[in-house]
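Given next are the chains, with one letter for each unit.
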There are 2 protein chains.
Amino acid sequence: MFAKPIAVNKLILQLIVIMNNTTLKKISEMLGLSISTVSRALKNHPDISDKTKLRVTELANALDYEPNANAVHLRTSKNNLFGLLVPTVANFFYDSFIAAVEEECRKSNYSLMILQSGDEPAIELENIKLCRQNRISGLFACITSQTVDLDPYLKLNGLDIPVIFFDKVPDDNTCNKVCVADAVSATIAANTILKNKKKKVVALFGNRNLSITKKRLAAFDIAINRKIKTTVLYANSTAEAEELTTQSLIENPDTLFCMSDEILAGAMKAVQRARLLVPKDISVISISNGFIPKLYFPEITYVETSGYKLGKLAFSSMMACLAGSTFVQELTIESVLVKGGSI
Amino acid sequence: MFAKPIAVNKLILQLIVIMNNTTLKKISEMLGLSISTVSRALKNHPDISDKTKLRVTELANALDYEPNANAVHLRTSKNNLFGLLVPTVANFFYDSFIAAVEEECRKSNYSLMILQSGDEPAIELENIKLCRQNRISGLFACITSQTVDLDPYLKLNGLDIPVIFFDKVPDDNTCNKVCVADAVSATIAANTILKNKKKKVVALFGNRNLSITKKRLAAFDIAINRKIKTTVLYANSTAEAEELTTQSLIENPDTLFCMSDEILAGAMKAVQRARLLVPKDISVISISNGFIPKLYFPEITYVETSGYKLGKLAFSSMMACLAGSTFVQELTIESVLVKGGSI
DNA sequence: CTGAAAGCGCTAACAC
DNA sequence: GTGTTAGCGCTTTCAG
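Note that residues are indexed from 1 along each chain, following the sequence as it is written. Think of it this way: whatever chain is written first is A, whatever ligand is written first is 1, and the rest follow in order. Thresholds applied to this predicted model are a pLDDT of at least 70 for local features of residues and 80 or more for the giving and counting of side-chain atom pairs; totals over whole chains, interfaces and linings are not thresholded and use all residues. Side-chain measures here rest on the full set of heavy atoms in the structure, leaving out hydrogens and waters.

Concerning the overall build of chain A
Argument step 1. By definition, any uninterrupted DSSP run of H or I lasting at least four residues is a helix, any uninterrupted run of E lasting at least two residues is a strand, and each is numbered from the N terminus. Looking only at helices and strands, one finds 13 helices and 12 strands in chain A.
Argument step 2. Its C-alpha radius of gyration of 28 Å places chain A more than 25% over the 20 Å reference for a compact globule of 343 residues.
Argument step 3. For the C-alpha atoms alone, the extent of chain A along its principal axes is close to 100 × 40 × 35 Å.
Argument step 4. Counting across all 343 residues of chain A, residues that qualify as buried make up 51%.
Argument step 5. Note on definitions: a residue-residue contact is assigned when non-hydrogen atoms from the two residues lie within 4.5 Å. Across chain A, every contact between residues at least 6 apart in sequence was considered, and the portion connecting residues at least 24 apart equals 71%. Note on method: radius of gyration uses C-alpha positions; expected globular size equals 2.2 Å times residues raised to 0.38. To sort residues, take the accessible area from a 1.4 Å probe on protein chains only and compare it with the maximum for the residue type: under 20% means buried, over 50% means exposed, and anything in between is partly exposed.

Listed below in structure tokens is the structure:
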């Protein structure tokens, strides 16, 4: 075999580089430098001469070099990755939560791995496993409605991976949680009803086994305190809410209270079906993320439980944990009354 | 230094393992096996004896071993990761698209990295870079409304990383795209209006610079073919749609056509404000993802442009590319008319 | 049936 | 100012 002229070797090298991904090694070979010099040059390390830095960065740019995140993470054992578990992303509460978390992640140079459980514990478990395999730095989790075994989550904590539960949180009080202020929201709504001198309210709640339902109902009850006639109904879906509302309208209530957006959507359909004018014929007030109430005219008055704000809070709580805070806490976002024209 | 009894060594080893993450090395040391044997045992390799397999898997389970995804990916140079770029996840079209893609990813053992651009080209660029660093296997991309430079995307293709554009796609026809059938949808809506013998329609479109607007308008115009009186209006937001609709109602149209959910939401607010009964006083028909139309009574008749279906289509298109198909194509999802009671 | 060894791409302590 | 070296955790020939 004859020795090939250097020029040809260089060309071959160049071709190889173009074909595959650029690596430090390839850059170093092309420049006749060591890998570490190239690495440092790219990081603008003070040890490296300006001349070398220039040569390196120019070639790196020309070859569109991007560091291999897997290699960096493996080496530094820092992943800058958060996991985020939701029942589904296709939901106007969760999607705004996700939007907020993603925004913050980008600002803080974290990546986000978003996983859907479909509200199934088996998939939830799979997803937690995936998170562990990816060596996430922390997890934002909304448990499924049937989750009983918290062990997989607690194990993460054991591995020094903070878990911030949001929205649907376990009762266990050794966990970090961020929630909407269920009790306060319901209280504000109830007080608004009383202040407006309403006399006969139909209060629509969700599945009565859900803790969110229990909390909101309890607070609502206390605030109303039997001062006015109240009919409490439980709907498991938007369709059921519509049906129950339609039935309850026979008794001519003067106010409809809806504990959530799903319920509100059903209730408003019933109101439209009955051709009632809001607020003349009937007043409406809801607890809501804010999107649905603004679809109607007049806009529905609601107590805001913002997924977006909750996301921001969850993120800051996560950062606090990562910064070493071992103080387990349950945080809530402030509830504010957003006035529409429906009461 | 004295040699320590084996029992103590084992205990120390065990402690170390508990403190940190379990690795193949640690398992192999505890069992007196080589790393490769442990690796193979865990993969149920036929070479390994059942006895060894049992010992290994038992310890691995006890220690909650999960393979380090970064190491696996680095070693195998297979990431099983897709990137997904959207303006925002907090949108009822994109969130259902994402839900569909995520579902399929899970089934096919892929992970998904979801990034929001906030409709800003600068962030879009950052996100593409992130994708490259993570050595994604493919990208689902919805470009920002101001994206002019397609080069970053084309470079991915150069690296054998397929890019499937969806929803907001570039004009360039060397790209793989999946879209809703804009023209067909608008045609179906127009024909439905004609078939119902409507005479005076107000057609509400979005920003007239958007290609989606142009396509839908052109097809709508052709289908209507000046057979009936048509007023075309352009709204840049839900609020503007409401305002324009309110003004247009003065002329007593018998039908409202809305080219999208954002427009529909505004138009319906105007209808409610004017206390018009649908469909007695006015008919309504829309192009929609399906969520908003079902909030009203009667439900709005719409031509479905499903984000969910688009997601499924995008995924299968991605898999085709990965399987080696170099056939660049623009796919569309079928448009179906979903009948409500609004026309 | 099991082990040794190389190497994926990168960082960082240590040498010179 | 630059190079050498070891090693992150894993897979996978190749030997035995």
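Quick word on the protein's contact with DNA strand C
Argument step 1. What surrounds DNA strand C is a group of 26 residues, the closest being K43(A), Y65(A), R75(A), T37(B) and R75(B).
Argument step 2. For DNA strand C, the backbone makes up 62% of the atoms found within 4 Å of the protein, where backbone means sugar plus phosphate.
Argument step 3. The definition of a polar contact used here is a pair of N or O atoms within 3.5 Å, where within protein one atom must be able to donate a hydrogen and the other to accept one, and adjacent residues in sequence count solely through side-chain atom pairs. Separating a phosphate oxygen of DNA strand C from a side-chain N or O atom of Y65(A) is a distance of 2.5 Å.
Argument step 4. When residues of the surface near DNA strand C are traced back to their parent elements, those giving at least two are α3 (35-42) and α5 (69-76) of chain A together with α3 (35-42) and α5 (69-76) of chain B. A molecule or strand has a residue near it when one of that residue's heavy atoms lies within 4 Å.

Details of the protein's contact with DNA strand D
Argument step 1. In the vicinity of DNA strand D, 26 residues are found, and the nearest of them are S36(A), T37(A), R75(A), Y65(B) and R75(B).
Argument step 2. Sugar plus phosphate, as a fraction of atoms of DNA strand D within 4 Å of the protein: 58%.
Argument step 3. At 2.9 Å from a phosphate oxygen of DNA strand D is found a main-chain nitrogen or oxygen belonging to S34(A).
Argument step 4. Between DNA strand D and the protein, one listed contact pairs a phosphate oxygen with a side-chain N or O atom of T37(A) at 2.6 Å.
Argument step 5. Of all elements in the fold, only α3 and α5 of chain A together with α3 and α5 of chain B reach the threshold of two or more residues within the surface near DNA strand D.

Here's the deal with α5(A)
Argument step 1. Within α5(A) the residues assigned to the buried category are A69(A), N70(A) and H73(A). All buried residues of α5(A) fall inside an arc of 100° around its axis, so they share one side.
Argument step 2. Along its buried surface, α5(A) packs onto α5 and α7 (121-133) of chain B. The arc in question is the one spanned by the directions pointing from the helix axis to the C-beta atoms.

A look at unusual backbone geometry
Argument step 1. Cis geometry is found at the peptide bond from F297(A) to P298(A), where omega equals -5°.
Argument step 2. At N252(B), a position not held by glycine, the phi torsion is positive, near 55°.

Digging into the interface of chain A and chain B
Argument step 1. The partner chain B presents 55 residues to the 55 residues of chain A that form the contact.
Argument step 2. Two parts lose some accessible area (1.4 Å probe) when they are put together, and adding that loss for both gives the buried area. Roughly 4900 Å² of surface becomes buried between chain A and chain B when both sides are summed, with 52% attributable to carbon and sulfur atoms.
Argument step 3. The salt bridge definition used is simple: a Lys or Arg side-chain nitrogen within 4 Å of an Asp or Glu carboxyl oxygen. At the junction of chain A with chain B, the criterion picks out six salt bridges.
Argument step 4. For K155(A), the salt bridge goes to D64(B), with nearest N and O atoms at 3.1 Å.

Side note on the pattern of salt bridges
Argument step 1. All told, the structure shown has 25 salt bridges over all chains when counted by the stated rule.
Argument step 2. Notably, a salt bridge pairs R216(A) with D182(A), separated by 2.6 Å at the nearest N-O pair. Pair noted here: R216(A) is in helix α10 (residues 211-224) and D182(A) is in helix α9 (residues 182-195), with a separation of 34 residues, a long-range link. Accessibility classification places R216(A) together with D182(A) in one group, the buried group.
Argument step 3. Notably, a salt bridge pairs E242(B) with R273(B), separated by 2.8 Å at the nearest N-O pair. With a gap of 31 residues between them, E242(B) in helix α11 (residues 238-248) and R273(B) in helix α12 (residues 261-273) connect regions that are remote in the sequence.
Argument step 4. A cluster of three or more residues bridged by salt bridges with shared partners is formed by K294(A), E299(A), E242(B), K269(B) and R273(B).

A few points about the side chain of T255(B)
Residue and element names in this part refer to chain B.
Argument step 1. With respect to the helices and strands, T255 occurs in strand β8 (residues 255-258).
Argument step 2. Within the local environment of T255, its side chain forms a polar contact with the side chain of D254, the two groups lying 2.9 Å apart.
Argument step 3. Setting aside anything within four residues of it in sequence, one finds T255 in contact with I193, K198, K200, V201, V202, I282, S283 and I343.

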